[in-house]
Amino acid sequence: MKDAGVLGADVVETLSRTGYSDKAIELLRDRPGMGTLENADQVTEIVGPCGDTMTIYLAVDDEWIRDARIQVLGCPGAVASGCAVVSLARGKSLEQARNLTLDDLYAEVQKLPDKKVHCARLALKTLHKAVEEYRNSQDEKGREE
Ligand code: FES
């Protein structure tokens, strides 16, 4: 990776040596998709068994995820996975997002240290839960109408 940016060359070297791919380091450096969405249609938070927290924001139009953001209070694996998951979710239908797998996430992030697989699972679980909660809220609305 050419530009270490805010991470610093020593941090990049450590991340690389401990098993993060260049792509994962790039996600950590640039943090695309990190943040919140005003007027989100769905906000879902999960606290992992490790105590790390992910909050995902979805903007949904007619079953399609128009935009997605995530906030992560957690480890580098969580941040890279969170960025990857929102990047995958954008432009997908709710069904496609619900069907995203760990393999899809790894195709995006390329490589994380072996011990960080639970971080990737947590990011995916947060997206899946958000889709489920959004669908439930739509079903409830439908029943009320
Ligand atoms: Fe908790 Fe990475 S250690 S998500």
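Everything that follows concerns the structure shown earlier in this document.
Think of each chain on its own: its residues are numbered from 1, step by step along the sequence as written. Local features in this predicted model are restricted to residues of pLDDT 70 or higher, and side-chain atom pairs are both shown and tallied only at a pLDDT of 80 or more, whereas totals for entire chains, interfaces and linings draw on every residue. Excluding hydrogens and water, the side-chain values take into account all heavy atoms of the structure.

Taking strand neighbours across the sheet as the criterion, the 3 strands line up as β1-β2-β3 in an open arrangement whose pairing is antiparallel. Each edge of the open sheet is held by one strand with a lone partner, namely β1 (42-47) and β3 (64-73). The sheet shows a mean angle of 15° between the axes of neighbouring strands, taken without regard to direction. Strands qualify as paired when DSSP identifies two bridges or more between them. Where helices and strands are cited, they refer to DSSP runs of H or I of at least four residues and of E of at least two residues respectively, numbered from the N terminus. Judged from the 9 bridges that link them, strand β2 (residues 53-61) and β3 form a sheet pairing that is antiparallel. For Met 54, the partnering residue across the bridge sits in β3 and is Val 72. Whether two residues are in contact is decided by their heavy atoms, any of which lying within 4.5 Å being enough. Helix axes are fitted only over the stretch in contact, all axes being lines through C-alpha atoms; the angle between N-to-C directions runs from 0 to 180 degrees. Running over the sheet, helix α3 (residues 76-89) touches β2 and β3 and is turned about 175° from β3. Against the sheet, helix α6 (residues 117-144) contacts β1 and β2, and its axis sits at roughly 140° relative to β1.

For the rest of this paragraph, the subject is the environment of Leu 73. Checked against the element boundaries, Leu 73 lands in strand β3. You can call Leu 73 exposed: its relative accessible area is 66%. Residues Leu 73 and Leu 102, 29 residues apart in the sequence, show an inter-C-alpha distance of 21 Å. With sequence-adjacent residues up to four places away left out, Leu 73 is seen in contact with Asp 52 and Thr 53. Between buried and exposed lies partly exposed: a residue is buried under 20% and exposed over 50% of the maximum accessible area for its type, with that area taken using a 1.4 Å probe on protein chains only.

What follows concerns the nonpolar core. For this analysis, a nonpolar core means a set of buried residues of the types Ala, Val, Leu, Ile, Met, Phe, Trp, Tyr and Cys, connected via side-chain atoms within 4.5 Å. The biggest cluster of nonpolar side chains holds 43 residues, and the ones touching the most others in it are Ile 56, Leu 58, Val 85, Leu 105, Val 109 and Leu 127. Among the secondary structure elements, those contributing two or more residues to this core are α1 (9-17), α2 (22-30), β2, β3, α3, α4 (94-98), α5 (102-109) and α6. If near-sequence neighbours (up to four positions away) are discounted, Ile 56 is found in contact with Gln 42, Val 43, Thr 44, Arg 69, Ile 70, Val 85, Val 86, Thr 126, Leu 127 and Ala 130.

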